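Below, each chain spelled out in residue letters.
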2 protein chains.
Amino acid sequence: MGHMTLSAPATDRALLASVRNAARVLRAFSRAGQELGITELSRQLGLGKSTVHRLVTTLAAERLLERGSTPGRYRLGLVLYELGSNVTEHVDLHQAALPVLTTLRHETGEMVHVAVLDGLEVVYVERLESHNMLPIFRQVGHRLPAHWTSSGKVLLAALPPDELTRRLADWRPVAQTPWTITDKNRLLAELAAVAKRGWAQNNEEGHLGIASVGAPIRGRDGKVMAAVSVVGDSARMRTMMRRATSLVVESARVISRRLGYSSPPA
Amino acid sequence: MGHMTLSAPATDRALLASVRNAARVLRAFSRAGQELGITELSRQLGLGKSTVHRLVTTLAAERLLERGSTPGRYRLGLVLYELGSNVTEHVDLHQAALPVLTTLRHETGEMVHVAVLDGLEVVYVERLESHNMLPIFRQVGHRLPAHWTSSGKVLLAALPPDELTRRLADWRPVAQTPWTITDKNRLLAELAAVAKRGWAQNNEEGHLGIASVGAPIRGRDGKVMAAVSVVGDSARMRTMMRRATSLVVESARVISRRLGYSSPPA
DNA sequence: TGATGTTGTCCCGCAGAGCGGAACGGAGTT
DNA sequence: AACTCCGTTCCGCTCTGCGGGACAACATCA
């Protein structure tokens with residue numbers, strides 16, 4: 001299939017090049033967050049213009065992309081929205097979590113999140129806004145480095161030790177604030193503490209002026225599959241940290257129970 | 001690339017077969033709503049087992065699919081969730097609509113929806129539950145025939161007449177209830193009335209015991225891009241139809257304004 | 001206006017990617 | 001042990017999909 005430019009170091013055989021490229025196209029749109037043209041995509045992906053054109057045409061025929069406002073530009077299509085809504089794991093999680101989150105938000109008055117782990121990043125899959133709008137978190141689907149967040153710490157802390165070290169092998173921490181943890185040993189110590197006590201705090205480690213508390217959600221198999229967190233202005237959070245913590249921990253426990261997890265005999 | 005079994009009636013050339021098949025695989029998962037195995041997919045799609053296996057492996061490598069609970073089974077992956085969250089049209093719509101919907105739900109006490117049109121079906125893209133849970137609407141991303149719903153009527157009524165007749169050409173109406181509109185001329189008359197008065201009702205035309213009112217949301221270009229609707233038990237709805245109607249119409253107007261639409265001088 | 005940059009779309013020949021048939025190994029059933 | 005199902009792997013033949021290049025339609029200059 002074509003000249004294969006240079007690259008293709010004979011790794012990952014048996015994978016469909018065009019499907020991979022199609023996925024790259026979709027991700028490019030997701031990253032850009034706006035309508036894109038053929039040439040621009042072609043440059044971003046390092047693929048021939050005609051190749052990209054063919055990919056985009058096909059994806060548009062499948063309605064994974066749709067023609068944008070001006071001709072020749074494209075954007076993510078409706079079908080993707082549908083597919084995303086049907087990611088089964090999240091359907092269950094959504095149904096189990098939503099009522100609990102609503103209560104939690106009322107009790108704390110702050111923004112409430114549910115996140116899952118992907119590599120070393122957290123992906124937010126549920127979000128309830130507080131009345132005091134914070135300008136940081138954009139929307140569901142947003143990603144952040146796990147060690148910037150309380151949910152992230154909770155999720156990392158739940159990994160088997162060998163898996164954790166494997167993932168942290170090529171960790172390149174970014175000091176987002178003066179309080180961001182950038183030392184691997186400090187992070188490991190923190191995660192051990194989090195695992196032990198069953199919840200995590202984050203005090204301006206991801207964004208100045210923002211603090212949060214998070215606790216693990218377990219699926220029916222007992223494995224940690226997500227984390228709830230309450231996020232708010234650090235001054236307000238400080239005044240109710242103890243209460244917020246116990247509320248978050250309790251919410252996480254209720255959601256886990258609704259997912260079919262029966263806590264082990266203490 | 002391979003024997004192309006039989007099919008391939010020389011139509012749609014220049015479309016990538018593997019990408020098309022990948023899309024079919026994803027849709028199969030979405031339809032099933034549960035984890036699927038290779039053989040089952042292979043049967044559903046009429047493709048060779050090894051072909052499906054290759055597709056699934058590739059999609060899993062791209063994280064569009066992920067390994068399920070038992071080995072050898074797969075489900076829709078996290079990346080799809082992210083992609084779906086980034087469908088730009090809906091990001092804007094979401095932000096413009098959510099606060100208005102919250103108010104609308106409080107004012108009516110009923111379930112509130114936002115839907116867009118796809119062919120002759122409506123796809124629900126926002127949903128706020130009422131306290132009186134209705135067992136019908138499953139989740140965001142759910143589809144219904146447009147003529148069963150008030151949102152659907154609103155959206156159909158906004159189509160250019162030629163486009164509408166084109167889509168209705170191969171309309172195969174299903175009489176879901178005794179009140180479902182199954183006659184094309186009656187539907188056209190109803191849609192004309194809807195277009196004229198600016199809102200639509202639905203009285204047990206999609207589900208017995210369920211009624212709804214819907215109104216159009218316009219984008220900044222003035223084109224109808226979505227519809228809001230209030231859905232509830234038909235007895236309760238009847239008692240507040242006038243009020244619900246004006247609330248829905250007003251909500252739709254506010255959302256349109258927030259999207260940048262400035263209503264024409266009357 | 002004509003020159004020169006874009007852009008999206010289309011054409012086409014070559015070669016290697018992707019197709020499906022078939023074989024393999026493991027889990028449950030009978 | 002002889003089934004039958006599953007997911008996975010192998011492999012050779014063929015036709016698909018690759019990218020270079022041509023083209024028309026615009027925009028943006030002088």
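Residues numbered from 1 in each chain as written. Chains lettered and ligands numbered in written order. Predicted model: local features only at pLDDT ≥ 70, side-chain atom pairs only at ≥ 80, totals over all residues.

**A look at the sheet that holds strand β1 (residues 36-37) of chain A**
Thought 1: Strand order in the open sheet made by the three strands is β1-β3-β2 (chain A), with antiparallel pairing throughout. Pairing within the sheet leaves two strands with one partner each, and these edge strands are β1 and β2 (65-67) of chain A. (Pairing = 2+ DSSP bridges. Helix = DSSP H or I, 4+ residues; strand = E, 2+ residues; numbered from the N terminus.)

**Overview of the interface of chain B and chain A**
Thought 1: The partner chain A presents 42 residues to the 41 residues of chain B that form the contact.
Thought 2: Elements with a minimum of two residues in the side of chain B that touches chain A: α1 (17-32), α3 (49-61), β3 (73-76), α4 (78-85), α5 (88-108), β4 (111-118) and β5 (121-128) of chain B.
Thought 3: Its residues placed into classes, the side of chain B that touches chain A shows 22 nonpolar, 13 polar and six charged. (Contact = placed C-beta atoms within 7 Å. Nonpolar A, V, L, I, M, F, W, Y, C, P; charged D, E, K, R; others polar.)

**Considerations on the relation of the copies chain B and chain A**
Thought 1: Superposing chain B onto chain A takes a rotation of 180° combined with a translation of 0.0 Å along the rotation axis, leaving an RMSD of 0.1 Å. Taken together, the rotation and translation describe the operation of a two-fold axis.
Thought 2: Most of the interface of chain B is mirrored in chain A, where 100% of its interface residues again form contacts. (Least-squares fit on C-alpha atoms with pLDDT ≥ 70 in both.)

**Section: helix α4 (residues 78-85) of chain A**
Thought 1: A large share of α4 of chain A lies buried, amounting to eight of its eight residues.
Thought 2: Residues of α4 of chain A that are buried include every one of L78, V79, L80, Y81, E82, L83, G84 and S85 of chain A, and no others. (Buried ≥ 20, exposed ≤ 12 C-beta atoms within 10 Å, placed from the backbone.)

**Points about helix α1 (residues 17-32) of chain A**
All names here are of chain A.
Thought 1: With 16 residues, α1 extends 22 Å from end C-alpha to end C-alpha; this agrees with the ideal 22 Å at 1.5 Å per step.
Thought 2: Buried residues of α1: S18, V19, A22, A23, V25, L26 and F29, and no others. Relative to the axis of α1, the buried residues are bounded by an arc of 155° and lie together on one face.
Thought 3: Just beyond α1, the residue with positive phi is G33, at close to 70°. (Expected span 1.5 Å × (residues − 1). Arc of directions from axis to C-beta.)

**Thoughts on the pairing of strand β7 (residues 200-203) of chain A**
All names here are of chain A.
Thought 1: Of the two faces of β7, the one holding A200 and N202 is buried and the one holding Q201 and N203 is not buried anywhere.
Thought 2: Judged from the four bridges that link them, β7 and strand β8 (residues 210-218) form a sheet pairing that is antiparallel. Looking at the pairing, Q201 lines up with V213 of β8.
Thought 3: What sits between β7 and β8 in their antiparallel hairpin is a turn of six residues, with E204 showing a positive phi close to 60°.

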